[in-house]
Structures are given as structure tokens and as C-alpha cells.
Amino acid sequence: MINKNFILMAIAVFPVMLKAQSDYRIKGEVPTGHLASLAVMSYPPDDKGGEYRADTAAIRHGRFEFAGTIGRPQLAELNLINPNAEKKAIDADEPENSMKNVGLFYLDGDISVRFDESGKASYSGGGKEQQAWLDYEHMILSRQESQAEAGFEFMQQLITDFVKSHPDNYVSVDLMDIFTQSAIQPEIVVPMYQALSKRMQHAEKVKGWLPALEKAKIALSGSQRAPSFSLNDTDGHPISLESYRGKYVLVDFWASWCTPCREENPNLLAAYERYKGNNFDVLAVSLDTKKQLWLKAIQEDKLPWKQVCDFRASSSDVAQQYEISSIPANVLVDPQGFIVGKDLRGEALHKRLADLLGK
């Protein structure tokens, strides 16, 4: 069974291109006696990144149908619904049932969707994008069978290989959303971009994230100087970024209330312990507003490096200087005060430090 989590990781945002038109007709069939009376299909209607559209079709005599025209083929999710049921047919708490009564396919030509007695969907028909999507599902299934644990690195290699084998598919561009919708790591995204066909490189979605990719590349080039700042530490003493000149310093933006920040702290601690004796340090800039909560989180997470805060949250001058729109976020500054890394988390932080510090 294909794990829905792997598929949904790749559906985070699906804006679409409007220069072409794609017709679709979805014919569905459910087993006799199935309790669902409605089929609900959701998908992004355009390239503006807005709310998904939800179309509804009644299930009569075990059949339903959708038809329409869209800017270009894109992924849709279809759910079988029993409005009168107190509990949904799909039990999200059981991973093995996570794909029951759910269909995932590209709106691309004529497609038949058939649900079996267990609620699992199978597909036939469809055009180039739907066939590519089925290739992706098959690739996930085959690789999951040989790998006990699948995380970020699994998805990175999976999608890199898929893009290389499907360079002229919108599916490839859509899957790249995992790596282009937040902090872009050029070492991951650039090879994928270069593997795309010229047509896909000029797709509206790709043109939308190219400026962010260019900024990320500059952040690795060492040509951009880190903005200067000085904030008070936990004892009220001013700490300046310039005081770290002569060593690599990770300026880490976080807050006590930020769950992803707290979850990343053990990884940051591991990097600190490994490299602190090799010309490396951390300076944490908190976006907290309450000192007591800030100090409590520092103690709970056992963070040994200097902490500074002005208790102005996102209105902090430092946060604005560094264009921090969400946390966790960080900037790696070299001994001369130039930015050589940005938004490094997980294994990416260790890899960048190893490249720079040779350990």
C-alpha cells in the first residue's frame, strides 16, 4: 500500500499555468452497497496559489462523473463521502487505511477511477501527466519496499531521480514544491532545475520561485555581508554580531512558542558540540515577547550559547534586517562577516559546516 504521507508531502502547493487548456472527464465507480453518496474532488484552480476548488458529484447506482477544463493538468484529490455517517469511512489514525476511499490523479483527459470492496482506488486512461503520476506512485512503492525508513533524504533522492526521468512533465515541477516553497537549498534544487526541459523551465510555477533560488545561491556565495546588530542577552548585556568576527557563527532565529524551533534544537546542539572547538559558535535571536517564557525554554532545551532578544517579536529590527518571515530560520556568517549559508536545518546544517570546517 502506498503511504499517503509521501504523496501528500508533494502536494503542498499546486499553482498552475494558464497558457494552455486541458479538458478532463473523470468517471468513477464504487462497489454495490457502498455507503458513500457523494464524491468530492478538490484541486487548485489556477496559478495564484489560492484556495482549492471543491467539486461535488452525487453517486447514483454506484457511479459518478466529473468533467471540465483547466489551465493545465494538475493533481486532484477525490474523497468518497457519506454525509450521514458519524465516522468517516477513512480512518486517518490507521496508516494502512490512509488511502481508503481516496483517489489521487491528474486532471488529464479521460480517466476511469474504480474503488474496490476495501475502498482502494485503481485508475485507467488519462494523458501524459496522469501516466507520469502513476510512474511516481510506482517509484514510491518500489523504493519503500527496500527501505525501512523514509525521510527527507529519501524524498530528495526520489524526486531528483523522477525529475531526471520525466524532464518535460508538470508532475516533476509540482513535486519540486517540497524543495522550493520554503527555504531553498540550491545544492538540491539547481540539479533538478537543470534537468527540466526548456518548456518546464519556463513554466509559470518555476518562474515564480526562480528569484528565491537566486537569493539562496547568493547566500552561499559569500558575497553578501551580514547586517550588523546588537541586542541584550539574558542578563541585559549588549551582544553584537561583530564580537563574533574571526569565527563562523550561526545566527539562529527562534522563539519559545515555536514548536519546529524547539524540535530543531537537539540537531543544533549536536552541531554545536561537534564544531564548537573548530572556530564555530551560535548566537540565538529570540522573537519572544515574554522574558520568563524565553528563559524557561532556554533552560528546558539546555542551550549553552548566547541568547539575545528585544521582545518585539517579528517587529524586531534584526528580524526585519534579515527578512525573517517565519521561524525557525538561520544565517551562517563567516569569519569576515559574510553570509555563507541560510536556513540550514537537519543534515543540511552538518553538511555545510563539514564543507566549511573540514570535519
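Structure shown above.
These numbers come from a predicted model, not from an experiment.

Quick notes on the rules
- Residues numbered from 1 in each chain as written.
- Predicted model: local features only at pLDDT ≥ 70, side-chain atom pairs only at ≥ 80, totals over all residues.
- Heavy atoms only, no water.
- Axes fitted to C-alpha atoms, helices over the stretch in contact; angles between N-to-C directions.
- Helix = DSSP H or I, 4+ residues; strand = E, 2+ residues; numbered from the N terminus.
- Parallel < 35°, antiparallel > 145°, perpendicular 65-115°, else oblique.
- Left-handed = near helix turned anticlockwise from the far one by under 90°.
- Contact = heavy atoms within 4.5 Å.
- Nonpolar A, V, L, I, M, F, W, Y, C, P; charged D, E, K, R; others polar.
- Phe/Tyr/Trp six-rings, centres within 6.5 Å; stacked < 30°, edge-to-face > 60°.
- Buried < 20%, exposed > 50% of the residue type's maximum accessible area, 1.4 Å probe, protein only.
- Lys NZ or Arg CZ within 6 Å of the ring centre and 35° of its normal.

A. The packing of helix α9 (residues 259-275) against helix α12 (residues 347-357), seen in detail. With their axes 10 Å apart at the nearest point, α9 and α12 run at an angle of 15° to one another. Considering their axes alone, α9 and α12 lie roughly parallel with respect to each other. Between α9 and α12 lies a crossing of right-handed hand. Contacts between α9 and α12 pair N267, L268, A270, A271, R274 and Y275 from the former with L349, H350, L353, A354 and L357 from the latter. Looking at the contact of α9 with α12 residue by residue, the classes come out as 8 nonpolar, 2 polar and 1 charged.

B. Spatial organisation of the packing of aromatic side chains. For the coordinates displayed, the defined rule picks out 11 aromatic pairs. Geometrically, the ring pair formed by F229 and Y322 is edge-to-face, given 6.0 Å between the ring centres and 85° between the ring planes. One end of the pair, F229, is in the loop between β9 (224-225) and β10 (230-232); the other, Y322, is in the loop between α11 (317-321) and β15 (329-333), with 93 residues separating them in the sequence. Side by side, F229 and Y322 carry an identical accessibility label, which is buried. Ring plane angle 50° and centroid distance 5.6 Å describe the contact between F253 and Y322, whose orientation is recorded as tilted. Of this pair, F253 sits in strand β12 (residues 248-254) while Y322 sits in the loop between α11 and β15, and the two are 69 residues apart along the sequence. We classify Y322 as buried; its relative accessible area is 4%. An aromatic cluster of at least three residues, connected via ring pairs, comprises Y106, W133, Y136 and F162. Over the ring of F338 we find R225, and its NZ or CZ is 4.2 Å from the ring centre.

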